[in-house]
Amino acid sequence: MKILGLTGPSGSGKAVVGAAFSSRGIPVLDTDAVYHGWIDTKSACTEELKNAFGENILREDGSVDRRRLAAIVFADDGNKDARLHTLNRITHRYVLESCQEWLDEQKKSGRRAAVIDAPLLIEAEFHKWCDAVIAVLAPKDVRLARILLRDGISKEAAEARISSQKPDSFYRAHADFVFMNDGKIVDADSFVEAVVLKTIFKE
């Protein structure tokens, strides 16, 4: 089974490429959803996060209040990088565990390929598990507009999120394929069919 990594910065619009894979019967695991599954209920992950960032990040039921956690992690006080590193160090381990279990299930089901959609695919070194990496990129202004529309956060919070992420050159350096999702008329279906699948499966 081929393992394909799908990555890109926040607001790049990876979902449109993921949907093109799904429409061809190739399953896609959204690691954001996996992450939320770990923090939206009381778990070993939320306990570690509480120990790192304080009890204030938790709701009464033991789940993580994402807005409170983000406010702490992305506070612009000179220590943002260290806090982000701590957050990723804790959460990556749980997400990777879930990814491996999911991939094992897909392989047993006889899938010819499976896609891991992960914003931090490269930073978590999951790209080393992949047969190919697809990076989805978009201009900063397009990404900002998408984040504001999708997440309902302030412009300052969205800009802080963007500034904490890697530049396009980082993704290009690690990707086998790059899809520019710049808000114009794009054809992710053709990209997946003609570029990615034909290259990987020699179809």
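Above this text is the structure in question.
Let me begin by describing the structure that accompanies this report.

Calculation criteria
Residues numbered from 1 in each chain as written. Predicted model: local features only at pLDDT ≥ 70, side-chain atom pairs only at ≥ 80, totals over all residues. Heavy atoms only, no water. Helix = DSSP H or I, 4+ residues; strand = E, 2+ residues; numbered from the N terminus. Buried < 20%, exposed > 50% of the residue type's maximum accessible area, 1.4 Å probe, protein only. Contact = heavy atoms within 4.5 Å. Core = buried A, V, L, I, M, F, W, Y, C linked by side-chain atoms within 4.5 Å. Pairing = 2+ DSSP bridges. Axes fitted to C-alpha atoms, helices over the stretch in contact; angles between N-to-C directions.

### Quick notes on the environment of Asp-151
Then, in step 1: Mapped onto the fold, Asp-151 is located in helix α6 (residues 140-151).
Then, in step 2: On the basis of relative accessibility, which here comes to 25%, the residue Asp-151 falls in the partly exposed class.
Then, in step 3: Taking the C-alpha atoms as reference, Asp-151 lies 17 Å from Ala-138; in sequence the two are 13 residues apart.
Then, in step 4: Sequence-distant contacts of Asp-151, that is, excluding residues within four places in its chain, are made with Arg-67 and Arg-161.

### Observations regarding the nonpolar core
Then, in step 1: By size, the foremost hydrophobic cluster in this structure holds 34 residues, and its most contacted members are Leu-49, Leu-69, Leu-87 and Ile-116.
Then, in step 2: Residue assignment for this core shows that the elements contributing at least two residues are α2 (31-39), α3 (44-53), α4 (66-73), α5 (80-108), β3 (113-117), β4 (132-137) and α8 (168-174).
Then, in step 3: At eight residues, the largest contribution of residues to this core is made by α5.
Then, in step 4: Excluding its chain neighbours within four sequence positions, the residues that come into contact with Ile-116 are Leu-4, Gly-5, Leu-6, Leu-29, Thr-31, Cys-99, Trp-102, Leu-103, Leu-121 and Phe-126.
Then, in step 5: Formed by 19 residues, the second largest nonpolar core is a distinct cluster that contains Ile-134, Phe-179, Phe-191 and Ile-200.

### Quick word on the sheet that holds strand β2 (residues 28-30)
Then, in step 1: One open sheet accounts for five strands, arranged β2-β3-β1-β4-β5; its pairing is parallel. Both outer strands of the open sheet, β2 and β5 (177-180), are each paired with one neighbouring strand and no more. Within this sheet the neighbouring strands show an average axis-to-axis angle of 20 degrees, counted without direction.
Then, in step 2: Helix α1 (residues 14-22) contacts β1 (2-7), β2, β3, β4 and β5 of the sheet and is inclined by roughly 155 degrees relative to β1.
Then, in step 3: Here α5 sits on the sheet and contacts β1, β2 and β3; the angle it forms with β3, its principal contact strand, is near 160 degrees.

Any link to function would need more than the numbers given here.
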